[in-house]
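Geometric and topological summary
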Amino acid sequence: MTRVLSCIQPTGDVHLGNYLGALRNWVSGQHSADVFHGIVDLHALTVTQIPGVIGNNTLQLAAVLFAVGLDPDVATVFVQSHIPEHSQMGWIMECTVSFGELSRMTQFKDKSAKREAEFVSAGLFTYPALQAADILLYDANEVPVGDDQRQHIEITRDIAMRFNHRFGETFVIPEAVTPASGARVMDLLNPTSKMSKSGADDSGVIYLLDQPAIIEKKFKRAVTDSETEVVFDRERKPGVSNLLEILAAATGTNPQKAAETYTKYGELKSASAQAVIAMLEPIQLRYHELLSDRGELMRMLHKGNIRAREVASATLSRAHRAIGLLESK
Ligand code: AMP
Ligand code: TRP
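Each value, and the rule that gives it
- Chains are numbered independently. Their residues run from 1 in the order of the written sequence.
- Chain letters start at A and ligand numbers start at 1, both assigned in the order the entries are written.
- Where local features are concerned, this predicted model is filtered to residues with pLDDT of at least 70; where side-chain atom pairs are given and counted, the filter is 80 or more; whole-chain, interface and lining totals use all residues.
- Hydrogens and waters are ignored; side-chain quantities use all the structure's heavy atoms.
- Burial classes: relative accessible area under 20% of the type maximum marks a residue as buried, over 50% as exposed, and values in between as partly exposed (1.4 Å probe, protein chains only).
- Runs of H or I in DSSP of at least four residues are treated as helices and runs of E of at least two as strands, each being numbered from the N terminus.
- In this context, the arc is that of the directions from the helix axis out to the C-beta atoms.
- Residue contacts are counted whenever heavy atoms from the two residues lie within 4.5 Å of one another.
- One heavy atom suffices: a residue is near a molecule or strand as soon as one of its heavy atoms comes within 4 Å of it.
- In protein, a polar contact means a hydrogen-donor-capable atom and an acceptor-capable atom, both N or O and within 3.5 Å, with residues adjacent in sequence counting only if both atoms are side-chain atoms; elsewhere, any N or O pair within 3.5 Å suffices.
- All accessible-area figures derive from a Shrake-Rupley calculation using a 1.4 Å probe, and residue coverage is judged against the displayed protein chains alone.
- We call Asp, Glu, Lys and Arg charged. Ala, Val, Leu, Ile, Met, Phe, Trp, Tyr, Cys and Pro are nonpolar, and the rest, Gly among them, are polar.

1. Regarding helix 4 (residues 85-94)
For helix 4, every residue scored as buried is listed here: Glu85, His86, Met89, Gly90, Ile92 and Met93. Buried residues of helix 4, viewed axially, fall in a sector of 165°; they line one side. Turning to helix 4, the residues buried within the fold contact strand 3 (76-79), helix 7 (122-136), helix 8 (150-167) and helix 13 (294-323).

2. Notes on the site of ligand 1
The local shell around ligand 1 consists of His15, Gly17, Asn18, Gly21, Ala22, Ala183, Arg184, Val185, Lys194, Met195 and Lys197. A distance of 3.1 Å separates a nitrogen atom of ligand 1 from a polar atom in the backbone of glycine 17. In isolation ligand 1 exposes 480 Å². Once the protein is present, 66% of that is buried. Looking at the shell around ligand 1, its residues break down into four nonpolar, four polar and three charged.

3. A closer look at the site of ligand 2
Neighbouring ligand 2 are the residues Leu5, Cys7, Gln9, Val40, His43, Tyr127, Gln131, Asp134, Ile135, Val143 and Gln149. Within the side chain of glutamine 9, a nitrogen or oxygen atom sits 3.4 Å from an oxygen atom of ligand 2. Between ligand 2 and the protein, one listed contact pairs a nitrogen atom with a side-chain N or O atom of tyrosine 127 at 2.7 Å. For ligand 2, whose unbound accessible area comes to 370 Å², protein coverage reaches 87%. Counting residues per element, the ones that place at least two in the shell around ligand 2 are strand 1 (3-8) and helix 7. If you tally residues by element for the shell around ligand 2, the top one is helix 7, at four residues. Taken together, the residues of the shell around ligand 2 break down into six nonpolar, four polar and one charged.

4. Some remarks on unusual backbone geometry
Not every positive phi belongs to a glycine, and glutamate 116 is a case in point at roughly 30°. Relative to the elements of secondary structure, glutamate 116 occurs in the loop between helix 6 (106-115) and helix 7.

5. With respect to the side chain of threonine 156
Tracing the chain through its elements places threonine 156 in helix 8. By relative accessible area, threonine 156 is classed as buried at 0%.

In structure tokens form, the structure reads like this:
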């Protein structure tokens, strides 16, 4: 069975774009492949963290992943820092990639330039080596990623091939795949840019855990246009089209069909709000249930960690043997 790995950093709150564009596909894909989902907390340390925050974020993100429907008996959901092999393999990756290769990573160039006067950690620079470890440890065949991560998968493949060439066949060469396309959700106040947690003003962002009254308010203020016709046309009517796409994704129809049902912007806004509220209600309920029983949530994570560790430790031993490190017994 194809092994698929995708990872997510425990930073920022999960929003409707993440859910409709990614998480919902993870859930529907869990039965057709052997899926591993890592919460990559060590990657978040490349930028300075406030003490005591990241653990909570990790637990909350785990609750979100289970609440949206990942089944701990089917999907392997694990926490990166709970699997020490990531750090161990990370070092081997650092020694297999060159300084020059890492210097060419556009994400590093962008992120370090943006941080200007701030602290730029060496981890921000070696980040792709840790990411390569995440991928190669699990013998992943496929890694679904957006365009911004393609370069990191390319460097992972280069590292894997170089290692295999130097030390013999050890790693599976992964492939970047375009994720099954979910909805592309735009910011409600700025419908020509993607809904994103990094925006300074987040009043156009629907968070997965927003209360119904907040969701209604955000939809009410959604930017439309000065016309009055409800039609789906991304170019000409980005605001209205975004509402139609959200409504369609939440109710399992298509945006063109949804457009036929409404004649007024006000009705479309409130229908979209109600559809999103109804879609999120069971997720929010389950989320709060999970978080109120921390023991059970930790047990669910533990299942994933055990399975992940089994695979990761076998791969690390294989790499150690291939290199010929002295065995400890
Ligand atoms: P990010 O929040 O950017 O780390 O993205 C996590 C996942 O959610 C990635 O698979 C993205 O492609 C997806 N995603 C993020 N924002 C959106 C959006 N506005 N619409 C659709 N998918 C999104
Ligand atoms: N670098 C990815 C991001 O910023 C997160 C990530 C870490 C990842 N390890 C991974 C993604 C392994 C895919 C596979 O979004």
